[in-house]
Amino acid sequence: MLRYVGRSHRSSQGAERLAAVIRRMACLLELPDSWLCGIVPGSGTGACSMALQNLLGPVPVETFLSDSFSHHWANEIDALALAPQTRHSCCYGDFPNTSGIDPGNDIVLVLNGTSSGVCPPDLDWIPADREGLVIADAVSAAFTRHIDFDRVDVLCWSWQKALGGEGGHGMIALSPRAQARLKAGEGRPVAKLMRLHNPDGSVNNAFFGGRTISTPSMFATEDIHSALDWAEACGGLSALVKRVGDNYSVMADWVNATSWIDWLCTNPGARSRCSITLRLQPGAGEKKDSGKIVSGMIRLLEAEGAALDIWSYGDAPPGFRIWAGPTVEADDLALLCEWLDWAHRKVCEATTMPDRIIAPQQKLAYGES
């Protein structure tokens, strides 16, 4: 409600609005009752850094490098000397081989890579009776897929991805096993902004009740309450996952029927259903450089207001990155496919890029943040 915007987050009403976000998020995500959940600064990135810095160290860690952020976490682990590390890597656009992991080691992985369009097909390769912890960057996986909580111990996500909330705020959830690790590591040196302990070394239980470490935006808090209202009205987690499946089907049908486009992730089992990453088919550029074709298409679409911010990620091959999460309508994605066909045809027909090309009248505007 707007009457809470501008109120102190430490007031009884402000604190309750924050605690309600935690309760509603946990319920929508179908988080087990035994887990703890809290709001963190720095979005999903802050949540993952917090998990690494508070929990890693007692045993070696195995990282699975499937996108840009998994590389970032591996580098942070090394830079901060958090734990001895084994990196599992693969070609860009696929998920690493998961055989031969040590159940005594910790695991760090990304559940949905928005830069590469890659996700682990399942988590069955992680032993349910493992000794190590599994820390999962679930920034864009939360609310877009069902998560096997028997195979995960720490889940990190953000307000602004699948639910479309305002940026800057994230969430961290800890299983009972992760809670035990946290208590065993009381007093370890962690920066104040990332610390889950009180100065006396005890676990900061108030944090998991809505007493945030830094000052949260109450405007963003009311915005995420509105997003949660929408998600609950849709029918909850199963309905959100179904919307993602419907969106993926639209894009998959178009890719399969279109000769000039292909998936960046060629392994269907490891392909994200919400982070659609595409590239030109080999040879589709013919006389033109594929990067120039992609650039020309995107500039046309932006000029027409048909699609915004659909450039591929910086370290990915030239192509398109399209968000197809639950807040996107399948009908809009079908229209986008028509616009992409139009832009490809215009760019390939043109010998030089015209200042203006007459285009269809429908307007779209979306991409991936």
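As the structure is a computational prediction, the values presented were derived from the model and not from experiment.

Chemist: I tried to follow helix 7 (residues 290-303) on my own but got confused; where do I start?
Modeler: The first and last C-alpha atoms of helix 7 sit 20 Å apart over 14 residues, in line with the 20 Å expected at 1.5 Å per residue. What helix 7 keeps buried is the set Ile293, Val294, Ser295, Gly296, Met297, Ile298, Leu300 and Leu301. As for helix 7, its buried residues are in contact with strand 9 (275-280), strand 10 (319-323) and helix 8 (330-349). Residue Asp289 occupies the N-cap position of helix 7, its side-chain oxygen lying 2.9 Å from the main-chain nitrogen of Gly291. Of the residues flanking the end of helix 7, it is Gly305, one or two places downstream, whose phi is positive at about 70°.

Chemist: Just to check I follow, could you spell out helix 8 for this structure?
Modeler: For an α-helix the count is 3.6 residues per turn, leaving residues at separations of three or four pointing the same way. Compared with an ideal rise of 1.5 Å per residue, which puts 20 residues at 28 Å, helix 8 spans 29 Å between its outermost C-alpha atoms and is within 8% of the ideal. For helix 8, every residue scored as buried is listed here: Leu333, Leu336, Cys337, Trp339, Leu340, Trp342, Ala343, His344 and Val347. Along its buried surface, helix 8 packs onto helix 6 (237-257), strand 9, helix 7 and strand 10.

Chemist: Would you explain the nonpolar core in this entry?
Modeler: One broad trend across soluble globular proteins is that nonpolar side chains are buried collectively. Grouped together as the largest cluster of nonpolar side chains are 82 residues, with contacts concentrated most on Phe143, Leu155 and Phe320. In terms of residue count, the dominant contributor to this core is helix 6 (nine residues). Discounting chain neighbours no more than four positions away, the residues touching Leu155 are Leu29, Trp35, Leu111, Ala136, Ala138, Ile147, Phe149, Met171, Ile172 and Ala173.

Chemist: In this structure, what is going on with the layout of surface pockets? I would like to understand it.
Modeler: Leftover empty space is mapped by rolling, across the atoms, a probe with the size of a water molecule. One number sums up the size of the largest pocket: a volume of about 260 Å³. Together, 19 residues line the largest pocket, and Thr45, Phe69, Thr114, Val139 and Lys161 are the ones closest to its centre. Looking at the lining of the largest pocket, the elements that each hand over two or more residues are helix 2 (43-55) and helix 3 (68-79). At three residues, helix 2 tops the list of elements feeding residues into the lining of the largest pocket. A breakdown of the residues in the lining of the largest pocket according to their chemical character gives five nonpolar, 10 polar and four charged.

So, how was this worked out
All residue numbers refer to position in the chain's written sequence, counted from 1. With pLDDT at 70 or above as the cut-off, local features in this predicted model cover only qualifying residues; side-chain atom pairs require 80 or more to be listed or tallied, and sums for whole chains, interfaces and linings still use all residues. Processing note: side-chain calculations cover all non-hydrogen atoms of the structure and skip hydrogens and water entirely. Comment: elements are numbered from the N terminus, with helices defined as DSSP H or I runs of at least four residues and strands as E runs of at least two. In this analysis, the expected span of each helix is defined as 1.5 Å times one less than the number of residues it contains. Note on exposure labels: buried denotes an accessible area under 20% of the residue type's maximum, exposed denotes more than 50%, and partly exposed covers the range between, all computed with a 1.4 Å probe on protein chains only. Pairs of residues are marked as contacts when any of their non-hydrogen atoms sit within 4.5 Å. Polar contact is the term for a pair of N or O atoms within 3.5 Å; when the atoms are in protein, one must be able to donate a hydrogen and the other to accept it, and sequence-neighboring residues count only if both atoms are side-chain atoms. Nonpolar core, defined: a set of buried Ala, Val, Leu, Ile, Met, Phe, Trp, Tyr and Cys residues in which side-chain atoms within 4.5 Å join the residues together. Two kinds of site are reported from a 1 Å grid over the protein atoms alone, namely cavities, where a 1.4 Å probe fits but cannot get out, and pockets, open sets with protein on both sides within 12 Å along at least five of seven lines, and residues are called lining when an atom falls within 4 Å of a point. Grid points are joined across faces, edges and corners, and a volume is the space filled by probe spheres set on the points. Only Asp, Glu, Lys and Arg are considered charged, only Ala, Val, Leu, Ile, Met, Phe, Trp, Tyr, Cys and Pro nonpolar, and every remaining residue, Gly among them, polar.

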